[in-house]
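# A look at the structure
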Amino acid sequence: MSPAVGSVQTVVVVAFLVFVTVCVLLCALAGPDRDDAADFYTANRSLGTFRNALAISGDYISAATVLSTTGVIALAGFDGMMVTCATALALLLVMVLLAEPLRNAGRFTLGDVLAARMATRQVRIAAGVVALAVTMPFLVVQLSGAGSVVAVLLGLSGYGARTVCVVLIGATMVCYAAIGGMKGTGLVQIVKMVIAFASFGALALLVLHRFEWNLGTLLTAASQGSGLGDSYLRPGAQYGSGATGRLEFLSVQITLVLGAACLPHITMRLHSAPDARTARTSMRWAVGITAAFLATVVVAGLGASALVGGAVIRDADPTGRISVLLLSHTLGGAPGTTGSSAVIAVVSCAVFVTILASVAGVTLAAACSLAHDLYAHAARGGGLPEQREVAAARWAAVGVGVVGIVLAVLTERWNVQMLLSLTYSLSASALFPILVYSLFWRGFTQRGLLWTLYGSLASVCLLMLFSPAVSGGPGAVFPGVDFHWFPLRTPGVVTVPLGFLLGWFGSVQRPAPESDVAGFERLELRALTGVTDSGPRHGQ
Amino acid sequence: MSTWDELWDPTYAARARQRRPGRHAAPPVGEPARRTGPGPVTEARHTVRREVRRLHGQALVPLFGGYLLLLFLCSAAPDLLGTAVVGGVTIGVVLLLGQFLLAFRVMRLFSRDARTRLDPEAARLRSLAETAAAESATASAEAATAASAAASAARPRSEVGW
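Quick look at the overall build of chain B now. Helix and strand counts for chain B stand at 6 helices and 2 strands. Along the chain direction, N to C, the helices and strands of chain B fall in the order α-α-α-α-β-β-α-α. Nonlocal contacts in chain B, meaning residues at least 24 apart in sequence, comprise 55% of its contacts between residues at least 6 apart.

See below:
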């Protein structure tokens, strides 16, 4: 960033402090006032339809989504637009397939949904382990991205400044998650969504205004600015048009659609709707809000390519993550003017708020599965008093946050973008198959479930370890060495079918035990109607 | 729908027959329904399940049909998608916008049909199931002991593999 924006940085810092203070107040005021597990995990299902929708879309639109998607659109045009298409479609998939049954069948976490069918300790442990395996890399990548972007925002450079940023952001957000629980983070998400929507909307309007409200002109200018010419608006700009490139593109798309649909911090939000119909209506609003927001992201990305230029963006950051910040520097007019400073400050605030909120949401989801699935149910057999479970959840949030911060600081010098694809691949290959099977297939057994969960965990980790994302390339975690043999950076095209296959084979290989079949009847009735049967109230 | 289960699991039909002998048999004519026949709760459940499947099909087929077509074109005909139509707008961009409009339309239809067709059936099933649960709650003490005895008796048999 140019040093001429010192006054802007003051504005940005003040805005950060105001936001942090407001959020702490919100959390303290709205947080669970007594040690009630339902209050902590689901906000007592008290958020209204529209606020819940804002919270869902706020959780869904993570910092990585905003920054990387804008960057991909700025650098690769049509491929980036396909990413927004997949992102929107994933939320629709949640709405159609998962929202109602998950709301009806689950109490707090994904583990509750699975335990409604197979209430054994192995299932709880597996659910908790996979939920953590999905959320922890996501947390690390958000924190790590947060560190670098905030350092850029504040005009700092060097790893020391980044470390300080990561630690401060992480600590603040852990406090939110631990104090505020579901309602507190929900309010943070709502505030974030309003701010982000307003500033990205303004940014998009400014870009469109520059191009006389003509999409065609904008697209032409973006193609020229990208330096790619016609291939900017042709598929294949991101991964190349060879066979591997096409397969990679396909793999990323599949992983995104199926993986984003069942990330634990999204599905957890569904439990906070008061009933299935509200969950559906909330999802409808959430899809609308998300789609509108993604439209502004597309315009911002195209604007960045047209006004900043692909070469400049790639120079600043090869993944294009700070393209939206670069765009804000060119949009407001000449540097140093009020208009310019205002645009920069507003966009910086939006980015900062988005980063903070996504860290809080993911921390809470990880803490909930740790405290509820692994501790309260798997370790303590489900008989824990609510007060102690909430205390455990608060401490789990602190623990998860500290581990996340430490990992983000340790991996500071590495390119951790691959963790994003690890999260989505795990979610798509482990969580999506077991959710679909558990909810809709009578013959699914505990054996199949464990095969899918652990098999997908192993296959995704193995293939990613030997992929070009880890070794043997300029964008890899270890660019200096080369031990890759798997050609794709995102293994979803192999691991998703494998996950389904493992679950099917593990289930049909032996006849289903009576308890699993009875579990299906129980889960289905609960998923369809929301009644809890006369058995033990919530699994286990 | 048992065809769906059979599609995934060849042994399902055999096991289902073994498990619930009354399920596929017609209830005897002229007699009040026995405990083995499909009760009102089961029938209501089948209705709700059918509605849910219909809603899923109606929403997911056009949605993923359009999306998969777009994905297919991306890898099969990238040049076609890159062809300009009007100004800088390409066929790919037009199709993407179309996909978004399709998504909104599907969403509207889904919400409407879920409200008018699924919700009443689900409410009916809920009240039936709650009534049934309340009725069986009185007899649950004896039933629980009997069920656990039956379950422990059934377990060794069901774990015999092929």
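Once the structure has been displayed, the description carries forward.
It is worth spelling out the overall build of chain A at this point. Counting its regular elements, chain A contains 20 helices and 0 strands. Its C-alpha atoms give chain A a radius of gyration of 23 Å, within 12% of the compact-globule value 24 Å for 540 residues. Across the 540 residues in chain A, those meeting the buried criterion constitute 64%. When contacts within chain A are restricted to residue pairs at least 6 apart in sequence, those whose partners lie at least 24 apart make up 80%.

Further remarks concern the interface of chain A and chain B. Taken residue by residue, the interface counts 49 residues in chain A and 52 residues in chain B. Of all the secondary structure elements, the ones that give two or more residues to the side of chain A that touches chain B are helix H5 (78-105), helix H9 (215-226), helix H10 (243-261), helix H12 (276-308), helix H19 (492-508) and helix H20 (514-529) of chain A. Considering each element in turn, the side of chain A that touches chain B owes the most residues, 9 residues, to H5 of chain A. The class makeup of the residues in the side of chain A that touches chain B is 27 nonpolar, 12 polar and 10 charged.

All names here are of chain A. Of note in this structure, Glu-212 is not a glycine but carries a positive phi near 50°. Here Glu-212 shows up in the loop between helix H8 (159-210) and H9. Judged by the 8 C-beta atoms lying within 10 Å of it, Glu-212 is exposed. In the Ramachandran plot, Trp-213 falls in the positive-phi region, its phi being about 55° despite a non-glycine side chain. Relative to the elements of secondary structure, Trp-213 occurs in the loop between H8 and H9. Take Trp-213: there are 10 C-beta atoms within 10 Å of it, and that puts it in the exposed class.

Along an α-helix, residues three or four apart share an orientation, since each turn contains 3.6 residues. Residue and element names in this part refer to chain A. For H9, which comprises 12 residues, the first-to-last C-alpha distance of 16 Å matches the rise-based estimate of 16 Å (1.5 Å per residue) to within 8%. Of the residues making up H9, those classed as buried are Leu-218, Leu-219, Ala-221, Ala-222, Ser-223, Gly-225 and Ser-226. Count one or two residues on from H9 and you reach Gly-227, which has phi positive near 80°.

This part takes up the environment of Ala-357 of chain A. Residues and elements named next belong to chain A. Structurally, the position occupied by Ala-357 is in helix H15 (residues 338-379). Expressed as a C-alpha distance, the spacing of Ala-357 and Gly-383, which sit 26 residues apart in the sequence, is 33 Å. Setting aside anything within four residues of it in sequence, one finds Ala-357 in contact with Gly-58, Val-188, Gln-189 and Lys-192.

Right, let's talk about the confidence of the model for chain B for a bit. Residues and elements named next belong to chain B. Looking at chain B, pLDDT values average 73 and 61% of them are 70 or higher. With pLDDT under 50 throughout, residues 1-8 is counted as low confidence; its partners more than four residues away or in other chains account for 12 contacts. Low pLDDT, under 50, characterises residues 19-35; the predicted model gives this stretch 10 contacts beyond four residues in sequence or across chains. Listed scores for the predicted complex are pTM 0.86 and ipTM 0.87.

All names here are of chain A. Relative to the 62 Å expected for 42 residues at 1.5 Å per residue, H15 spans 58 Å between its end C-alpha atoms, a close match to the ideal helical length. Buried residues dominate H15, accounting for 37 of its 42 residues. Just past H15, the residue Gly-381 takes up positive phi, approximately 70°.

Rules behind the numbers
Positions within a chain are numbered from 1, following the residues in the order the chain's sequence is written. Just so you know, chain letters begin at A and ligand numbers begin at 1, following the order they were written in. Where local features are concerned, this predicted model is filtered to residues with pLDDT of at least 70; where side-chain atom pairs are given and counted, the filter is 80 or more; whole-chain, interface and lining totals use all residues. Under the scheme used here, helices are H or I runs from DSSP no shorter than 4 residues and strands are E runs no shorter than 2 residues, and both carry numbers assigned from the N terminus. Once C-beta atoms have been placed from the backbone, residue pairs whose C-beta atoms lie within 7 Å are recorded as contacts. Only the C-alpha atoms count toward the radius of gyration. The rule for a globule is 2.2 Å times the residue count to the power 0.38. Three exposure classes are used, based on other C-beta atoms lying within 10 Å of a residue's own C-beta, which is placed from the backbone: buried for 20 or more, exposed for 12 or fewer, and partly exposed in between. Under the scheme applied, nonpolar residues are Ala, Val, Leu, Ile, Met, Phe, Trp, Tyr, Cys and Pro; charged residues are Asp, Glu, Lys and Arg; polar residues are all the others, including Gly. An expected span of 1.5 Å times one less than the residue number is assigned to each helix. What pLDDT expresses is the predictor's confidence in each residue, scored from 0 to 100.

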